[in-house]
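Geometric and topological summary
In case you want the letters, here they are:
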There are 2 protein chains.
Amino acid sequence: MTRLPASLERAIHEFSKLPGIGPKSAQRLALYLLKRDSIDLNNLSGAISSLKEGVTFCSTCHNMADTDPCSVCADQTRDHTLIAVVEEPLDALALDKTEHFKGVFHVLGGVLNPMEGIGAGQLNIDSLHDRIAKQGVTEVIIATNPTLEGETTAMHLARSLKDTGVKVTRIARGLPMGGDLEYADEITLSRALEGRREF
Amino acid sequence: MTRLPASLERAIHEFSKLPGIGPKSAQRLALYLLKRDSIDLNNLSGAISSLKEGVTFCSTCHNMADTDPCSVCADQTRDHTLIAVVEEPLDALALDKTEHFKGVFHVLGGVLNPMEGIGAGQLNIDSLHDRIAKQGVTEVIIATNPTLEGETTAMHLARSLKDTGVKVTRIARGLPMGGDLEYADEITLSRALEGRREF
């Protein structure tokens, strides 16, 4: 039997543990790296082994950051009375990249998922209530993903925020730009109809 | 502007250099690893940094191996008069996994690609001629990929082997098992017709 060198097998094994990387992709990655020079290999391995260095979490918004408070929470030019609630750090990054959001963030750290045993207690919901009281928040934009879990979490949040008197909004769900009615799924189309606005 | 911690940015940058991994996948990989414990991170980074250790190339068939000659070339139970010529080490591995090939391999190390300046001189073709003379080879199966470059390389090889008197064959091109005529491309169908065999 032909077999691959042990170090290559090991790299393939480690790569195939990563999400979205199957055995064939893992083989291709390992073979690709084998052809690179050692400097490239060390850059990649160094970046991985030092990944956690210097990564901290903002105690205010729970976003990943270099510092605590994070650069957004520390930025006094931003609107601290407007909070966008997101599931994960990358969602905050995506919203910020639009440059249409000048408020601050609150990272839940996940979504309600009873199947996986994730209840409201595991999410950063209590600290959101604290911030609303402390920061004089006027509006909370719930920007969880338009998935089953994201919608459930959004509804739970909206209900829990009802008594605070703060304005609670949900990001619009509808047809994505460049999309096509013909190929849109029924739920997206229904949401696009529901969310229609006057010219 | 929200920005990601520096170590995370660095990991994303390194991941996005890998083939088939775009910026979004690189983000997802880095975020995934950030949630793993340090042992997993060190396993992966260790596997990458030590990838080249102990990897050698067989001086006979040019396949990657732990030893020289490789386990296939050293195996006297295999048929050394039958050589399958492949582009890359993984192709040899794939053929071997079928357990329908009992001969030995010859790894070209690529394909003819004039656009990228890869000519016959860069491929392991001369050593193939040497082996044919030395090993008393009776058949050479050209098993390069059914791509433009693979076919060109196969034709070049077939021509260069003509004078050796050895039997030169090409692996069959046709419909893959489980495939569907309706969805097959025209070239594959044409090849499937050309390569038809009597019952």
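Heads up: the structure comes first, above all this text.
Residues numbered from 1 in each chain as written. Chains lettered and ligands numbered in written order. Predicted model: local features only at pLDDT ≥ 70, side-chain atom pairs only at ≥ 80, totals over all residues. Heavy atoms only, no water.

**Quick word on the overall build of chain A**
As a reminder, the rule being used: Secondary structure elements follow DSSP: runs of H or I of four or more residues count as helices, runs of E of two or more count as strands, with numbering from the N terminus. Just to be clear, the radius of gyration here is over C-alpha atoms, and the globule rule we use is 2.2 Å times residues to the power 0.38.
When you go through chain A residue by residue, the secondary structure sums to eight helices and six strands. Secondary structure elements of chain A, listed N to C terminal, follow the sequence α-α-α-β-β-α-β-α-β-α-β-α-β-α. Taken over the C-alpha trace, chain A has a radius of gyration of 22 Å; the compact-globule value for 199 residues is 16 Å, which it surpasses by more than 25%. Along the longest, intermediate and shortest principal axes, the C-alpha atoms of chain A span 70 × 45 × 35 Å.

**Observations regarding helix 2 (residues 23–35) of chain A**
As a reminder, the rule being used: Every helix has an expected span of 1.5 Å times one less than the residues it contains. Three labels apply to residues, based on accessible area from a 1.4 Å probe with only protein chains included: buried if under 20% of the type maximum, exposed if over 50%, partly exposed otherwise in between. Any two residues having at least one pair of non-hydrogen atoms within 4.5 Å are treated as being in contact.
Under the 1.5 Å per step criterion, the end-to-end length of helix 2 of chain A is 19 Å for 13 residues, consistent within 8% with the ideal 18 Å. If you check which residues of helix 2 of chain A are buried, you get A:Ala26, A:Gln27, A:Leu29, A:Ala30, A:Leu31, A:Leu33 and A:Leu34. Where helix 2 of chain A is buried, its residues meet helix 1 (6–15) and helix 3 (38–49) of chain A together with helix 3 (38–49), strand 2 (64–65) and helix 5 (89–97) of chain B.

**As for the packing of aromatic side chains**
All names here are of chain A. The test is simple: For this analysis, a ring pair means two rings from Phe, Tyr or Trp (six-membered ring only for Trp) whose centres lie within 6.5 Å, classed as stacked if their planes differ by under 30 degrees, edge-to-face if by over 60, and tilted for the remaining angles.
Tallied over the full model, the rule gives two aromatic pairs over all chains. Note on Phe101 and Phe105: the rings are 5.1 Å apart at their centroids and 45 degrees apart in plane angle, and the pair reads as tilted. Across the pair, exposure class does not vary: Phe101 and Phe105 are buried alike.

**Structural notes on the pattern of salt bridges**
Rules: Only one rule defines a salt bridge in this text: a Lys or Arg side-chain nitrogen within 4 Å of an Asp or Glu carboxyl oxygen.
The tally for this structure, following the rule as stated, stands at 15 salt bridges over all chains. A salt bridge links A:Glu151 to A:Arg173, with the nearest nitrogen and oxygen atoms 2.6 Å apart. Pair noted here: A:Glu151 is in helix 7 (residues 148–161) and A:Arg173 is in the loop between strand 6 (167–170) and helix 8 (186–194), with a separation of 22 residues, a long-range link. Residue A:Arg173 is classed as partly exposed on the basis of its relative accessible area, which comes to 26%. Measuring nitrogen to oxygen at the nearest pair gives 2.8 Å for the salt bridge that ties B:Arg78 to B:Asp96.

**Here we look at the interface of chain B and chain A**
We apply this condition: Two parts placed together each lose some accessible area under a 1.4 Å probe, and adding up what both lose gives the buried area. Polar contact criterion, stated in full: a pair of N or O atoms within 3.5 Å, where within protein one must be able to donate a hydrogen and the other to accept it, and residues adjacent in sequence count only if both atoms are side-chain atoms. In the scheme used here, Gly and all other residues not listed as nonpolar or charged are polar, with Ala, Val, Leu, Ile, Met, Phe, Trp, Tyr, Cys and Pro taken as nonpolar and Asp, Glu, Lys and Arg as charged.
Facing the 56 residues of chain B at the interface are 56 residues of chain A. Taking both partners together, chain B and chain A bury about 5300 Å²; carbon and sulfur atoms supply 67% of that area. For A:Lys35, the salt bridge is made with B:Glu88, and the minimal N-O distance between the two is 3.6 Å. Taken together, the connections running from chain B to chain A amount to 12 residue pairs in polar contact (both at pLDDT 80 or more). Counting only elements with at least two residues in the side of chain B that touches chain A, the list comes to helix 1 (6–15), helix 2 (23–35), helix 3, strand 2, helix 4 (71–74) and helix 5 of chain B. Sorting elements by how many residues they give to the side of chain B that touches chain A places helix 3 of chain B first, with 11 residues. In terms of residue class, the side of chain B that touches chain A is built from 29 nonpolar, 12 polar and 15 charged.

**Focus: the sheet that holds strand 6 (residues 167–170) of chain B**
Across a sheet, paired strands are connected by hydrogen bonds in the backbone, their directions being either parallel or antiparallel. Residue and element names in this part refer to chain B. The condition that has to hold: Between any two strands, pairing holds if DSSP finds at least two bridges. Simply put, an axis is a line fit to the C-alpha atoms, just over the touching stretch for a helix, and the angle between two N-to-C directions goes from 0 to 180 degrees.
Strands sit in the order 4-3-5-6 across an open sheet of four strands; the sheet is parallel. What marks the edges here is a single partner per strand, and that holds for strand 4 (104–107) and strand 6. Recorded for the sheet is a direction-independent mean angle of 25 degrees between the axes of neighbouring strands. By the bridge criterion, four bridges tie strand 3 (residues 82–86) to strand 4 in an arrangement that is parallel. Looking at the pairing, Ile83 lines up with Val104 of strand 4. Of the strands in this sheet, strand 3, strand 4 and strand 5 (139–142) touch helix 6 (residues 126–135), which is tilted by about 155 degrees from strand 4. The sheet strands contacting helix 7 (residues 148–161) are strand 3, strand 5 and strand 6, and the helix crosses strand 6 at an angle near 170 degrees.

**As for helix 6 of chain B**
All names here are of chain B. Condition: Taken from the helix axis, the directions to the C-beta atoms give the arc we talk about.
Ser127, Leu128, Arg131 and Ile132 are the residues of helix 6 that are buried. Around the axis of helix 6, the buried residues are gathered within 145 degrees of arc, so they sit on the same side. Opposite its buried face, helix 6 presents the exposed residues Asp126, Ala133 and Lys134, each directed more than 90 degrees away. Of the surrounding secondary structure, the elements contacted by the buried residues of helix 6 are helix 4, strand 3, strand 4, strand 5 and helix 7. One or two residues past the end of helix 6 sits Gly136, with phi positive at roughly 60 degrees.

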